[in-house]
Amino acid sequence: MNEQVNERAVDEQLHRLAQAHCVASSYKDWRERETPVPRETLVAVLAALGVDASTPGAVRDELARLEEQRRQRLLPPVVACRRVPGADQIRVPSQTEVSVELADGTTLTPPSASPTAEGHLAYALPSETPLGWHRVRARRGSHEQDAALLVAPDRLRTPERVWGFTAQLYSVRSRASWGMGDLHDLAQLAAWSGRELDAGFVLVNPLHATEPTPPINPSPYSPMSRRFASPLYLRVEDVPEYRELSADDRERIAALAAPLRQDERLIDRDAVWTAKRQALETLYRVPRTPARQQAYESFRQREGTALTAFATWCALAEEHGNDWRRWPSALRDADSPAVAREAERLAPCVDFHAWLQWQLDEQLTAVQRTATASGMPIGIMHDLAVGVTHSSADAWVYRDVFAEGMSVGAPPDEFNQRGQDWGQPPWHPQRLAQAEYARYRDMLAASLRRGGGLRIDHAMQVSRLWWVPEGGSPADGTYVGYDRNALLSCLTWEAARADAVIVGEDLGTVEPQVREDLAERGVLGTSLLWFERDRAGRPKPPGQWRELSLATVGTHDMPPITGFLHGDHVALRDRLGLLTRPAADEAADHRRLLAGWLALLHAEGLLADPPDALLSAVARGAHDHDEAAAAALHALLARTPARLIGVSLADAVGERRTQNQPGTSDEYPNWRVPLAGADGRPVPLDDLPADPRVAAAVAPVRAATRTRA
């Protein structure tokens, strides 16, 4: 009995320590069941945070240390405020004086403080404090501290109601692209859909930097850097120096592109980059005019040490491989003298990779300019991945703000019943805050500078992430919390500066209050049709959907509409051994779900044929009703109040194959599937304007959102 009491006391202390560091000791799973976190997971996660919980004595020592830190601390690393009641206060311990130093050097004294229920003081933010970054100073007796002060906007502007295509850009090939969709293709897609179809935006996959040398990971959500972009997406012929090439050089470049343009198989990034690299090296060697050279130098100066460090990583990766953890030990520290010497030796290669980022900056800027010139109020909406890989440039350059020995993932859910491990190191919450979120802010600013909107993949990243100890099962991870107010304030401040729209992908398991906080700040959520069900599991009528959201039918982790209708995802997961219950049960659930949606479409007058007719056709493997069902689903989106409506290009042309099957790597050609119709034949971008399937798919959303002359 005494042993049980002692064991319970030890667990209670461990849970107290975990809670103090925002580490969850239990959580609610996707079925709303309370699930305990294994003790081993808590100990491992705390260790990654620099907290020793290996023994009961260590736990007690850490709790005592926390209490001492609490007594000494006057301010958090970052104080984030807004001009709304309750959010416009600077809270400090009792008997503490506060002053605010503005970015221009002006010092302000807040009005008198009010006591809080916790025994602290709450100073009102001085009314003349402008939006942006400042400093706050606190003094209690002889003890002084200062911290960053961010005054964020109350909320972002609500965008006008528009629709747009969602596309995996690499899959959208034209007859002129080099084997995969590129930035010229994106400009053409935006110009056509904006001018001819009244589209307000194009949402694309993350265009983040990839490996500088093969093999290249095909996943756009496992990048080498979220701060910089991938030169895979450059259109070689759009580099200004291309015009200066000799006829022979142009012929050589055309010969590099020719076999890629003829290849209709799966997208081969290694082959694409091998060819583009040769062509881009030729263009890099072309002498630049004084004006062009000045533009390049200005770009280098604007991007500063971050660009130099990234380009240095690229150059070193070419010599030592794409995983810095396997480099010579002296090169694993980005700030080491050995790295500085190597950067000098490899200066031409470093400059080449910096030049590539300049070309990307120019082409990305041109794409957004083309999009807005076509009449799009938003233009290009970029996608921000959750993180970077362990081997990445960001993990090397910014090693101090990542937690080692951990990966970000997701707990088991309805569609991924074994959980997910994305192989990405998480931000270390305390170190990121102590660095005043500089890495996070720079990343956001870079993404927002070259588009009109930003989708935040796994929007819960602003509040908590699922940490998986290295070598462990994703199901045995736990949630680690972040300062949501600070991260959201950084996000909305950068978005307001860029006058951009923000969409948070808030699907799956979402902790209480996150969706409300996002909406309160003007950050749109994501409404995925197949997930829009009430508590009884019934499809939600369109009038019950959220207004502040991007509404779509599906997502890249699910098959397009045609594939979903025919249950391709059930068959695929069964074949790959990803199901945790019999395939017959999964198929039966899918039929019930599909029957519910078809019944709603029929009741709304959007589907002429009764649901049984469609279900019977699907059971026979017939495709007679596929296009009608797809049009009806998009018409249902048009009846929702959602401010943004997304139509997948894959859905518009009748594609069946999913772009990504979570839980797989080589078992399925993830992120390598070119845009094709239901028959598997490639559909080039050039043919979309005349494709009747596309016109039929977008007609209802176009009619519902048309506001431009």
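Before reading on, note that the structure itself is shown above.
Model, not experiment: these values are computed from the prediction.

(A) Molecular detail of the pairing of strand S11 (residues 162–167). For S11, the buried fraction is high: 6 of the 6 residues fall into the buried class. Direction of pairing for S11 relative to strand S12 (residues 201–204): parallel, over a ladder of 4 bridges. Bridge pairing in S12 places Phe165 opposite Val202. Taken together, S11, helix H4 (residues 183–197) and S12 constitute a β-α-β crossover, and its handedness is right-handed.

(B) Inspection of the sheet that holds S12 at higher detail. Reading across the sheet, the 8 strands line up as S21-S18-S15-S12-S11-S24-S23-S22 and stay open at both edges, with parallel pairing between neighbours. Strands with a single pairing partner mark the edges of an open sheet, and in this sheet they are strand S21 (501–504) and strand S22 (525–528). Pairwise comparison of adjacent strand axes, ignoring direction, gives a mean angle of 25 degrees for this sheet. As defined by bridge partners, S11 adjoins strand S24 (residues 644–648) across 5 bridges and the pair is classed as parallel. Pairing of Phe165 across the sheet is with Val647, part of S24. Against the sheet, helix H19 (residues 626–639) touches strand S23 (549–552) and S24, its axis set at about 170 degrees to S24.

(C) Expanded view of the packing of helix H8 (residues 337–345) against helix H9 (residues 347–373). Their axes nearest at 5 Å, the elements H8 and H9 cross at an angle of 80 degrees. It follows from the interaxial angle that H8 and H9 lie roughly perpendicular. Across the interface between the two elements, Ala343, Glu344 and Arg345 of H8 pack against Ala347, Pro348 and Val350 of H9. When its residues are assigned to classes, the contact of H8 with H9 shows 4 nonpolar, no polar and 2 charged.

(D) Expanded view of the packing of H19 against helix H21 (residues 692–705). The interhelical angle for the contact between H19 and H21, taken along N-to-C directions, is 20 degrees, at an axis separation of 8 Å. Compared by their axis directions, H19 and H21 come out roughly parallel. Of the two elements, H19 crosses H21, and the hand of that crossing is right-handed. Of the residues in H21, those in contact with Glu627, Ala631, His634, Ala635 and Ala638 of H19 are Arg693, Ala696, Ala697, Pro700, Val701 and Ala704.

Thresholds applied
- Residues numbered from 1 in each chain as written.
- Predicted model: local features only at pLDDT ≥ 70, side-chain atom pairs only at ≥ 80, totals over all residues.
- Heavy atoms only, no water.
- Buried < 20%, exposed > 50% of the residue type's maximum accessible area, 1.4 Å probe, protein only.
- Helix = DSSP H or I, 4+ residues; strand = E, 2+ residues; numbered from the N terminus.
- Pairing = 2+ DSSP bridges.
- Right-handed = clockwise from strand over helix to strand, strands pointing away.
- Axes fitted to C-alpha atoms, helices over the stretch in contact; angles between N-to-C directions.
- Contact = heavy atoms within 4.5 Å.
- Parallel < 35°, antiparallel > 145°, perpendicular 65-115°, else oblique.
- Nonpolar A, V, L, I, M, F, W, Y, C, P; charged D, E, K, R; others polar.
- Left-handed = near helix turned anticlockwise from the far one by under 90°.

Just distances and angles here, no functional claims.
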